[in-house]
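Below, each chain spelled out in residue letters.
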Amino acid sequence: MTKLSAMKCEACQVGAPQVTDDELASLVSMIPDWAVVVRDGVMQLERVFKFKNFKLAMVFTNQLAELAETDFHHPGILTEWGKVTVTWWSHSVNGLHKNDFIMAAKTDELLLN
Ligand SMILES: C[C@H](O)[C@H](O)[C@H]1CNC2=NC(N)=NC(=O)C2=N1
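First things first, this report covers the structure right here in the doc. Computed from a predicted structure; not experimentally measured. (Residues numbered from 1 in each chain as written. Predicted model: local features only at pLDDT ≥ 70, side-chain atom pairs only at ≥ 80, totals over all residues. Heavy atoms only, no water.)

**Digging into the overall build of the chain**
Scanning the chain from terminus to terminus reveals three helices and four strands. What you see in the chain, going N to C, is helices and strands ordered as α-β-β-α-β-β-α. Relative to its length of 113 residues, the chain is compact, with a C-alpha radius of gyration of 14 Å against a globular reference of 13 Å. Residue burial in the chain is summarised as follows: out of 113 residues, 43% are buried. The contacts in the chain between residues at least 6 apart in sequence include a share of 67% that link residues at least 24 apart. The chain carries 10 positive and 14 negative side-chain charges, and their two centres are separated by 10 Å. (Helix = DSSP H or I, 4+ residues; strand = E, 2+ residues; numbered from the N terminus. Rg over C-alpha atoms; globule rule 2.2 N^0.38 Å. Buried < 20%, exposed > 50% of the residue type's maximum accessible area, 1.4 Å probe, protein only. Contact = heavy atoms within 4.5 Å. Lys, Arg positive; Asp, Glu negative; His and termini not counted. Charge placed at Lys NZ, Arg CZ, Asp CG, Glu CD.)

**Comments concerning the environment of Pro75**
Secondary-structure assignment places Pro75 in the loop between α2 (54-71) and β3 (76-80). Using a relative accessible area of 18% as the deciding quantity, one classes Pro75 as buried. Along the backbone, Pro75 and Ala11 are 64 residues apart, and their C-alpha atoms lie at a distance of 15 Å.

**Some remarks on the sheet that holds β3**
Reading across from one edge, β1-β2-β4-β3 is the order of the four strands in this open sheet, with antiparallel pairing throughout. If you trace the sheet from one side to the other, it starts and ends with β1 (35-39) and β3, each paired once. Taken over all neighbouring pairs, the strand axes of this sheet differ in orientation by 25° on average, direction set aside. (Pairing = 2+ DSSP bridges. Axes fitted to C-alpha atoms, helices over the stretch in contact; angles between N-to-C directions.)

**Let's talk about the site of the ligand**
Around the ligand lies a shell formed by Phe72, His73, His74, Trp89, Ser90, His91 and Ser92. Interatomic distance of 2.7 Å between a backbone N/O atom of Trp89 and a nitrogen atom of the ligand. Contacts to the ligand include Ser92, whose backbone N or O atom sits 2.9 Å from an oxygen atom. Protein contacts shield 63% of the accessible area of the ligand, which totals 390 Å² for the unbound molecule. For the shell around the ligand, the per-class residue count stands at two nonpolar, five polar and no charged. (Near = heavy atom within 4 Å. Polar contact = N/O pair within 3.5 Å; in protein donor to acceptor, adjacent residues only side chain to side chain. Areas by Shrake-Rupley, 256 points an atom, 1.4 Å probe, with all protein chains shown as cover. Nonpolar A, V, L, I, M, F, W, Y, C, P; charged D, E, K, R; others polar.)

**As for the pairing of strand β2 (residues 42-50)**
Across five bridges, the pairing between β1 and β2 is antiparallel. When the sheet's bridge partners are listed, Ala35 is paired in β2 with Glu46. The turn linking β1 back onto β2 is made up of two residues, and Asp40 within it adopts a positive phi angle of 50°. Sheet topology places β2 next to strand β4 (residues 83-88); six bridges connect them, and they run antiparallel. Bridged to Phe49 within β4 is Val84.

See below:
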């Protein structure tokens, strides 16, 4: 099976289906460092990345911005001194789409740079 980070996001149409419960269980197991959270009724993926200082947090933030623009799928980002909270969900489906799991896996790979 192709690993998530090697997959390409599909163009996400308004009204496209959210992941099913079975898909959710399977996909979540592939990104063990991420939590599933529900905010304002919207299911999202969230992970906090820790850094030594604000400058390194910003470097990661900018790498993530590049990734989002390349794949044209964008996260929520909270950048603070020493940490960056990244949240993925699909606005078009108002919840989780496979694209969000692909992008979470690609986010993790930014740490390998
Ligand atoms: C117009 C719409 O915002 C665009 O098609 C893209 C941009 N980036 C996106 N990012 C995310 N997370 N969800 C979307 O539905 C989405 N849509």
